[in-house]
There are 2 protein chains.
Amino acid sequence: MNRDSAGLHVLSRQECIDLLASTPIGRIVFTDRALPAVQPVGFCIDGEDIVIHTGVGTKLAAATRDAVVAFEADDFDPQAHTGWSVTAVGRARAVCDPSEIARLSALPLTTWAPGDRGHFITVRTEQVSGRRIRH
Amino acid sequence: MNRDSAGLHVLSRQECIDLLASTPIGRIVFTDRALPAVQPVGFCIDGEDIVIHTGVGTKLAAATRDAVVAFEADDFDPQAHTGWSVTAVGRARAVCDPSEIARLSALPLTTWAPGDRGHFITVRTEQVSGRRIRH
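An unreviewed UniProt entry annotates chain A as Pyridoxamine 5'-phosphate oxidase-related FMN-binding protein of Streptosporangium roseum.

How should I be thinking about helix α1 (residues 13–21) of chain A in this particular structure?
Along an α-helix, residues three or four apart share an orientation, since each turn contains 3.6 residues. All names here are of chain A. Of all the positions in α1, only C16, I17, L19 and L20 are classed as buried. An end-on view of α1 places all buried positions within 160 degrees of arc, on one side of the element. The elements touched by buried residues of α1 are β3 (35–46), β4 (49–54), β5 (68–77), β6 (82–94) and β8 (127–133).

Teacher, can you tell me more about the relation of the copies chain B and chain A here?
Turning one copy of the chain about an axis and sliding it along that axis gives the other copy, so a rotation and a shift relate them. Rotating chain B by 180 degrees and moving it 0.0 Å along the rotation axis overlays it on chain A with an RMSD of 0.0 Å. The transformation just described matches what one would write down for a two-fold rotation axis. Both copies share a contact surface, since 100% of the interface residues of chain B are interface residues in chain A too.

Even after reading the chapter, I still don't get the state of the cysteines, so can you show me in this structure?
Each disulfide consists of a covalent bond between the sulfur atoms of two cysteine residues. The final tally for this structure, using the stated rule, is zero disulfides over all chains. C16 of chain A forms no disulfide, and the closest cysteine sulfur to it belongs to C44 of chain A, at a distance of 18 Å.

Help me understand the interface of chain B and chain A in this model?
For an interface, size is often stated in terms of accessible area lost upon the parts coming together. If you look at the interface, chain B gives 33 residues, while chain A gives 33 residues. Here chain B packs against chain A, burying approximately 2500 Å² in sum over the two surfaces, 73% of which is carbon and sulfur. Between the two partners, chain B and chain A, sit four salt bridges. Notably, a salt bridge pairs D74 of chain B with R27 of chain A, separated by 2.8 Å at the nearest N-O pair. Inspection of the region where chain B meets chain A yields two residue pairs in polar contact (both at pLDDT 80 or more). For the side of chain B that touches chain A, the secondary-structure elements that each account for two or more residues are β2 (25–32), β3 (35–46), β5 (68–77), β6 (82–94) and β8 (127–133) of chain B. Among the residues forming the side of chain B that touches chain A, the class breakdown is 21 nonpolar, eight polar and four charged.

Criteria and cut-off values
- Residues numbered from 1 in each chain as written.
- Chains lettered and ligands numbered in written order.
- Predicted model: local features only at pLDDT ≥ 70, side-chain atom pairs only at ≥ 80, totals over all residues.
- Heavy atoms only, no water.
- Buried < 20%, exposed > 50% of the residue type's maximum accessible area, 1.4 Å probe, protein only.
- Helix = DSSP H or I, 4+ residues; strand = E, 2+ residues; numbered from the N terminus.
- Arc of directions from axis to C-beta.
- Contact = heavy atoms within 4.5 Å.
- Least-squares fit on C-alpha atoms with pLDDT ≥ 70 in both.
- Disulfide = S-S within 2.5 Å.
- Buried area = accessible area lost by both parts, 1.4 Å probe.
- Salt bridge = Lys/Arg side-chain N within 4 Å of Asp/Glu carboxyl O.
- Polar contact = N/O pair within 3.5 Å; in protein donor to acceptor, adjacent residues only side chain to side chain.
- Nonpolar A, V, L, I, M, F, W, Y, C, P; charged D, E, K, R; others polar.

Structure, rendered in structure tokens:
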């Protein structure tokens, strides 16, 4: 297994996608009025795309429309000092096709917040990187 | 307690700072070669500033130098569907003063990655927002 300059184990693309698929909550990173912004979201993996469910009129829906965003998920045990993190960077897309919306509606998506969930966003995992920490 | 448009409980500034102080790992959000970037880090709270320990020559050290960054921490229980998230936005600063470095070195900082930890970054919590989810 490869290590990076900080001594962390470098994960393969497939390991990154598998870890993303193993966790229901991640964080989407975007730009909001020229400032860095980050928001936790429920998500799931569809093929190699990240799928997020949000409200139609939300800041997230507006700010991520055709923007390049980052997406991060991690799991860390401070006691054992073990964990992993995966970051993807890619273009976000609002899903508008009714048949695709119907298909995505059947996915096992965790929702972070209550309220309206009428809008799907997908993020292409164009660049993926991940690290694992072993004690 | 206030609720936002999604029905989440809005946390006060003090509640946000107290929650940040309760958790050892967060994520710093910055721009890396014009793309959104996010990295998990160990951190602690010093007054109302976020303190991060990283290596001298890291991408994080370079990319956050005098930049406005976002910082996020959260905790979520998918079973109980309860949790919170806090986001801060503010200017990052490399700590160069030897007496300040000595003082920060005594803080109980968790490190995310092994390796060189010679560089401190502080982030002013200029804007703070937080939400709590109750089932």
